[in-house]
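# Descriptive analysis of the structure
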Amino acid sequence: MKIPFSDLVPIHRELESELQAVFLKTCRSAGFVGGAMVEEFEKAFAAWVGTKHCVGVSNGTDALRLALMAMGCQRGDRVLTVANTFIATTEAIHQAGGVLDFVDVEEQTSLLDPKALERLLEDPARRPKFVVPVHLYGQMVDMTRLGALAEKYGFQILEDAAQAHGATQNGKRAGTIGRAAGFSFYPGKNLGALGEGGAVTTNDDEVASRVRMLRDHGQREKYFHVYEGYNARLHSMQAGFLSVKLPHLNGWNERRRAIAQRYDAAFEGKDGIRPVRAYRENVSVAHLYVIHVADPRGLQKQLAEQGIASGFHYPIPIHHQDCYREEAFYRMSLPVTEKLAGQLLSLPIYPHLAEAEVDYVIEKVLAAQGRT
Ligand SMILES: *Cc1c(COP(=O)(O)O)cnc(C)c1O
């Protein structure tokens, strides 16, 4: 058997005729950037997530950066996040003018550790103006405890929901809890465009209106520039494609969850294999399925010999990336983040992965770990 890490072909094959119709509509209307197709998608996605506003932008990185700027981030403001994430999170913070700081993650969930955050906040010098919780792998950060700390210490929350379309906690969806959230529609995300795309969701009228201006050269109306903004708009055709795919997202997420549950059941109680665990209050959308093992490189090699692709999310914590070697935080110690980075391996997961394929992956993982 040959099992890729992810396969986006079948999703698009099923929707080919509807996607073609979007392409033809775009050609015939000659509306390419913004416009009615973007507005339609924004309405549909806001309703699906459960926020008052959705503002479509060029990609998830821009969504985070523009949201942070719209929330009032000024050069020199402290912004706190985790180092177990994709670098887009810290690019967005840095490029919005924020001074980066990091808090460690929890062993069980690999997500922002609220207890570590509480300890960090005791030091007045490290209290941030903004915190960016990253809902990694499709599961949500403990937003109840984070919300309580936000209240006590007066920081604003921007959710990085780029891997969490539809994830819930106590019935609330990712993207509805912070002052704003950034979503990515990169093709491999749970909801993906046929190219780049992103969105900011928020219930805050002011944040929404600022992001609308910032994405379009800071314009209030054509040629009236309130800010020096950016060219960060969502393409009409991508919005049209996303509108075609959105009604299928719940079903795809269900399928991902079922695969994750099958993996979970198979690895339950097996020494030497520890799947990442979401909180009980969470419904994960299983963007990635990550296990911790002693020798992930070795396991990856053995799986590759059996035709199974796997990945590392993420092998080098962000504070230790080369691009940050001149920063003070480069020498910071985040013991749990650093330990987990050397132990993680992501197994194939995507809606069209067949049951027999999941069983084949399970069999080969157990065999490689000597646990059959
Ligand atoms: C994908 C991703 C982003 C950035 O999204 P792009 O659309 O690729 O710019 C940000 N944060 C996380 C956690 C991501 O996985």
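Whatever comes next refers back to the structure up there.
The model shown is predicted, which means the values in this text are computed figures rather than measured ones.

### Considerations on the pattern of salt bridges
- Within the structure shown, the criterion is met by 20 salt bridges.
- Between R220 and E221 there is a salt bridge whose closest N-O contact spans 3.2 Å.
- A residue is classified by how much of its surface remains accessible, and R220, at 54% relative accessible area, is exposed.
- With relative accessibility at 43%, the residue E221 sits in the partly exposed group.
- If you follow the salt bridges from partner to partner, you end up with R255, R262, E355 and D359 in one network.

### Overview of the packing of aromatic side chains
- Here the structure, examined in full by the defined rule, presents eleven aromatic pairs.
- For the pair F45 and F185, a centre-to-centre distance of 5.3 Å together with 90 degrees between the ring planes defines the contact as edge-to-face. Of this pair, F45 sits in helix 3 (residues 36-49) while F185 sits in the loop between strand 8 (180-184) and strand 9 (198-202); the two residues are 140 residues apart in sequence, bridging distant segments of the chain.
- Note on F185: relative accessible area 0%, which makes it buried.
- Geometrically, the ring pair formed by F86 and Y314 is tilted, given 6.2 Å between the ring centres and 35 degrees between the ring planes. Here the residue F86 occupies a position in the loop between strand 2 (78-81) and helix 5 (88-95), and Y314 occupies one in the loop between helix 11 (296-305) and helix 12 (335-341), the gap between them amounting to 228 residues.
- One aromatic cluster in this structure is built from F41, F45, W48, F183 and F185.
- A cation sits over an aromatic face here: R173 above W48, 3.9 Å from the ring centre.

### Regarding the site of the ligand
- Residues in contact with the ligand amount to 15 residues; listed here are only the nearest, G60, T61, Q163, S184 and K189.
- Contact distances for the ligand include 2.7 Å between an oxygen atom and a backbone N or O atom of G60.
- At 2.6 Å from an oxygen atom of the ligand is found a side-chain nitrogen or oxygen belonging to S184.
- Calculation on the ligand without its partners gives an accessible area of 380 Å², and the protein chains cover 93% of this total.
- Mapping the ligand onto the cavity grids shows that it belongs to the largest pocket.
- Taken together, the elements giving at least two residues each to the shell around the ligand come down to helix 4 (60-70) and helix 5.
- Of the residues forming the shell around the ligand, the biggest block, three residues, is contributed by helix 4.
- Considering only residue class, the shell around the ligand consists of five nonpolar, eight polar and two charged.

### A few points about the sheet that holds strand 6 (residues 168-169)
- Read from one edge of the open sheet, three strands run 7-6-13, paired in antiparallel fashion. The sheet is open, and its two edges are formed by strand 7 (172-173) and strand 13 (282-283), each paired on a single side.
- Inspection of the sheet shows strand 6 paired to strand 13 by two bridges, in the antiparallel sense. The residue bridging Q169 from the neighbouring strand is N282, located in strand 13.

### Things to note about the sheet that holds strand 12 (residues 274-275)
- With antiparallel pairing, the three strands of this open sheet are ordered in space as 12-14-15. Pairing within the sheet leaves two strands with one partner each, and these edge strands are strand 12 and strand 15 (344-347).
- Sitting on the sheet, helix 10 (residues 249-267) is in contact with strand 12, strand 14 (289-292) and strand 15, with an inclination near 20 degrees to strand 14.

### Focus on the side chain of D104
- Tracing the backbone shows D104 in the loop between strand 3 (99-102) and helix 6 (114-121).
- One buried charged residue, D104, remains without a salt bridge, the closest side chain of opposite sign being R119 at 7.2 Å.
- Polar side-chain contacts of D104 include one of 2.5 Å to the side chain of T337.
- For D104, the residues in contact, after removing those within four places along its chain, are V82, L112, D113, L334, P335, V336 and T337.

### Here's the deal with the environment of V132
- With respect to the helices and strands, V132 occurs in the loop between strand 4 (130-131) and helix 7 (143-153).
- The exposure class of V132 is buried, given its relative accessible area of 1%.
- Note: C-alpha distance between V132 and L112 (20 residues apart in sequence) is 9.3 Å.
- With residues up to four places along the chain from it excluded, the contact list for V132 reads V79, L80, T81, T89, I93, L158 and D160.

### Focus: helix 5
- Along helix 5, the residues that are buried comprise A88, T89, T90, A92 and I93.
- Next to the buried residues of helix 5 lie helix 4, strand 2, strand 3 and strand 5 (156-160).
- Looking one or two residues past helix 5, G97 carries a phi angle of roughly 100 degrees, positive in sign.

Reading the values: rules and limits
Residues numbered from 1 in each chain as written. Predicted model: local features only at pLDDT ≥ 70, side-chain atom pairs only at ≥ 80, totals over all residues. Heavy atoms only, no water. Salt bridge = Lys/Arg side-chain N within 4 Å of Asp/Glu carboxyl O. Buried < 20%, exposed > 50% of the residue type's maximum accessible area, 1.4 Å probe, protein only. Phe/Tyr/Trp six-rings, centres within 6.5 Å; stacked < 30°, edge-to-face > 60°. Helix = DSSP H or I, 4+ residues; strand = E, 2+ residues; numbered from the N terminus. Lys NZ or Arg CZ within 6 Å of the ring centre and 35° of its normal. Near = heavy atom within 4 Å. Polar contact = N/O pair within 3.5 Å; in protein donor to acceptor, adjacent residues only side chain to side chain. Areas by Shrake-Rupley, 256 points an atom, 1.4 Å probe, with all protein chains shown as cover. 1 Å grid on protein atoms, 1.4 Å probe; cavity = no way out; pocket = protein on both sides within 12 Å on 5 of 7 lines; lining within 4 Å. Sits in = over half its atoms within 2 Å of the grid points. Nonpolar A, V, L, I, M, F, W, Y, C, P; charged D, E, K, R; others polar. Pairing = 2+ DSSP bridges. Contact = heavy atoms within 4.5 Å. Axes fitted to C-alpha atoms, helices over the stretch in contact; angles between N-to-C directions. Lys, Arg positive; Asp, Glu negative; His and termini not counted.

In short, shape yes, function no, at least from these values alone.
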